[in-house]
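The lines below spell out each chain.
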Amino acid sequence: MKKTFPFAVILLAAMSAAGAEEPPRSAPSAPAWMKEASGRLEKELAVKHGEEARPRLARGLKQVAEFWRTEDGDAAAFEEFVRTNFAGDSKTLDTLFDRMEFALESLDGHMLEIGRDFRKQSDLDLGRIYPFDETLAGYDPSAHVTEDFFSNKLAFSVLLNFPLTTLQQRLAEGEKWSRRQWAETRLAERFSKRIPAEVNLAIGRAAGQAEQYISEYNVWMHHLVDAKGQRLFPPKLRLLSHWNLRDEIKADYTDAATGIAKQRTISKVMERIVTQTIPDSVVNNPQVDWNPFTNEVRPAAEKDSDAPAPAGRKAGNAPEPDTRYAMLLKAFQAVRLADPYSPTAPTMIARRFDENRQIPEARFRKMLEDVLSSPLAPKAAALIKKRLGRKLEPFDIWYAGFKPRGAYTEVELDEIVRKKYPTPEAYKKDIPNLLIKLGFSKEKAEFLAGNIVVDPARGSGHAMGAARRGDQAHLRTRVEKEGMNYKGFNIAVHEMGHNVEQTFSLNEIDHTLLAGIPNTAFTEALAFVFQARDLELLGLSKPDSKSRALTILNDFWGTFEIAGVALVDMGVWHWMYEHPDATPGQLKEATLRIARDVWNRYYAAIFQEKDVPLLAIYSHMINSFLYLPDYPLGHMIAFQIDRQIEKTGAIGPEFERMAKMGNVTPDMWMKHATGAPVGPEALLAETEKALAQVSP
Ligand SMILES: [Zn+2]
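Residues numbered from 1 in each chain as written. Predicted model: local features only at pLDDT ≥ 70, side-chain atom pairs only at ≥ 80, totals over all residues. Heavy atoms only, no water.

1. Structural notes on the pairing of strand E7 (residues 473–477)
The buried count for E7 comes to five of five residues, which makes it a mostly enclosed element. The two faces of E7 match: Ala473, Leu475 and Thr477 on one face and His474 and Arg476 on the other face are all buried. Of the strand pairs in this sheet, strand E5 (residues 452–456) and E7 are connected by five bridges, and their pairing is parallel. Counted as the bridge partner of aspartate 455 is arginine 476 from E7. Sheet analysis places strand E6 (residues 461–464) next to E7, joined by four bridges and oriented antiparallel. Paired with methionine 464 across the strands is histidine 474, a residue of E7. (Buried < 20%, exposed > 50% of the residue type's maximum accessible area, 1.4 Å probe, protein only. Helix = DSSP H or I, 4+ residues; strand = E, 2+ residues; numbered from the N terminus. Pairing = 2+ DSSP bridges.)

2. Details of the sheet that holds E7
With mixed pairing, three strands are arranged side by side in an open sheet as E5-E7-E6. Across the chains shown, the open sheet's two edge strands, defined by having one partner strand only, are E5 and E6. Across this sheet, the average inter-strand angle for adjacent strands is 15 degrees, counted without regard to direction. Relative to E5, helix H20 (residues 424–437) is tilted by about 160 degrees, and along the sheet it contacts E5 and E7. (Axes fitted to C-alpha atoms, helices over the stretch in contact; angles between N-to-C directions. Contact = heavy atoms within 4.5 Å.)

3. Side note on the side chain of asparagine 519
Following the sequence through the fold, asparagine 519 ends up in the loop between helix H22 (486–507) and helix H23 (520–531). At 3.1 Å, the side chain of asparagine 519 and the backbone oxygen of arginine 357 are in polar contact. Among the polar contacts made by the side chain of asparagine 519, one reaches the main-chain amide nitrogen of alanine 521 at a distance of 3.0 Å. Contacts of asparagine 519, omitting those with residues within four sequence positions, involve Asn356, Arg357, Leu633 and Pro666. (Polar contact = N/O pair within 3.5 Å; in protein donor to acceptor, adjacent residues only side chain to side chain.)

4. Thoughts on the pattern of salt bridges
Side chains that differ in charge, positive against negative, can pair when their charged atoms come close. Considering all chains together, one arrives at 48 salt bridges under this definition. Notably, a salt bridge pairs aspartate 471 with arginine 116, separated by 3.0 Å at the nearest N-O pair. With a gap of 355 residues between them, aspartate 471 in the loop between E6 and E7 and arginine 116 in helix H5 (residues 90–118) connect regions that are remote in the sequence. With relative accessibility at 8%, the residue aspartate 471 sits in the buried group. For aspartate 339, the salt bridge identified is with arginine 351, shortest N-O distance 2.8 Å. You can see aspartate 339 sitting in the loop between helix H15 (323–336) and helix H16 (348–357) and its partner arginine 351 sitting in helix H16, a full twelve residues away along the chain. (Salt bridge = Lys/Arg side-chain N within 4 Å of Asp/Glu carboxyl O.)

5. Topic: the layout of surface pockets
Its boundaries defined by the atoms lining it, the second largest pocket holds a volume of some 280 Å³. The set of elements that each furnish at least two residues to the lining of the second largest pocket consists of helix H12 (197–215) and H15. The element contributing the most residues to the lining of the second largest pocket is H12, with three residues. Here the lining of the second largest pocket is composed, by residue class, of seven nonpolar, five polar and four charged. (1 Å grid on protein atoms, 1.4 Å probe; cavity = no way out; pocket = protein on both sides within 12 Å on 5 of 7 lines; lining within 4 Å. Points joined across faces, edges and corners; volume = space filled by probe spheres on them. Nonpolar A, V, L, I, M, F, W, Y, C, P; charged D, E, K, R; others polar.)

Structure (structure tokens):
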């Protein structure tokens, strides 16, 4: 993964402990004198700077007016500001652009460094975390930057002189823009919203509550009993919904004796969660036994934990009172408060698609539907049926049996890696070598290695890029006392892929305002290019074509599953915007209807079963606010990039060429990288080939 600060976390960090006022619910409006003053200034300054300046002037005045509030100053202050700060000649405009680019690189880079240092103890494997370390880690030094820039009017200087654009404009005109024009667009975009602190606070509070609700939603598996009182799962096993529950379904494919009974039980538990027929008392509670089929609850007949029954939940078998949907509604109500302050993306849906993903929702939906309605899906399903030797059941959307068995055991691989990398330093020293093996020149490999710091991670590992040239990317990897194991190596290679992307897209870019990639799916895809070659990097034989084909089918099936989940997430957000005053009960009914509709349309024929609500189980739906569509997008992009690299046969130079494009629209980036816009075609083409190879 790539270490980023998701917006919920940023907002949480911005929260203060003091009691908050109710955030405003009405749209901000420009002061009454604004229109007249703007008109007068446009005339006056067009005379001063010439008619050719007028379109830019009119645009700038409109953009400033959109964000100017009474507290920013009266009409005289506004006029004085515009007269002083409109860059009427190209020299001043160029100077303003250069100055902002230079200053923002410094600001972003140093803020990132401060944040990284403040999180050092909690991110790295350096011993005990004290309470003050947690406070340091939760602090975001850049939380008030945008507010400050509106207060001191630097934001208005940018808005007066550079264009705010919509995604539609960037898509329609962007290919004709110069790199400087693109950089100007990104510069203005930084000030495309002015969200009051109390709104951010409300969003942060709702996000925090949703996060808390999800993070404690465990099921104690040993306490799931069937009609005969039998227990399928071992003592102490506590699974977090939905991640662990889903992964247990995946793992159960290797359990020939009781796997299917376990899978059916988990599937029933998931259904109880999304329909909220789950007894409130069984959530995160090892003190009761529960039969999810009959829904009967009893005091636990076996004890495997001292954890007490959680406070605040109803006793007996009273159902959870739609809390899941109440959480989502609260989050929606909070997120919606930001809408009036974000004129170029005035809904959360627009912010996710137009700003974060930069792909219009309609086109995005079409890509998902192309995967879901592909004739390859029933073919893959038939193959799964054959491999399982039984008819499919709904939980087989999580079929995990395509994963090829490698030529080496995990123990053998651990042994090899441990000898090679006893310490993080040993890995660090080997980076130039590894990069040369991936096809980078010796010179490039040394340049890259010089820009990557290796740290011992506390968790499984992550990559943290730099934000100013002169700083370095950080590769955080887990090294056990007895040395690095294979899993750690596999992750380190993935993170190194992120670091190489980060280094190229910052240090070799023409404008730092364009540093980075269009969205996170791109850096993940680039990291997977490295990760997929980990065995070759150890000097072992690479996977044969059969296991390559199986891996492709595994990815296709995963995309087929998560594309449906994404459609449900999108459908629910639209429904909430159309029914802003809904009750939790109404949202539940709507969510179930949407989930069943998507199921009936794309899955029912394949699984021979209708009205299954399982697609609504993802916890991201409740605490990550329309994030799920990123997953299928990531799969599609990974296939496009991988195919291009396979075609040219050279990872190093090709990787560098792609990564230097920077943060333009995804389609522009992908056309530059592969000749085609973002889409599912590469995934589908590879799947078709793989099916032909694996099918009986
Ligand atoms: Zn990653």
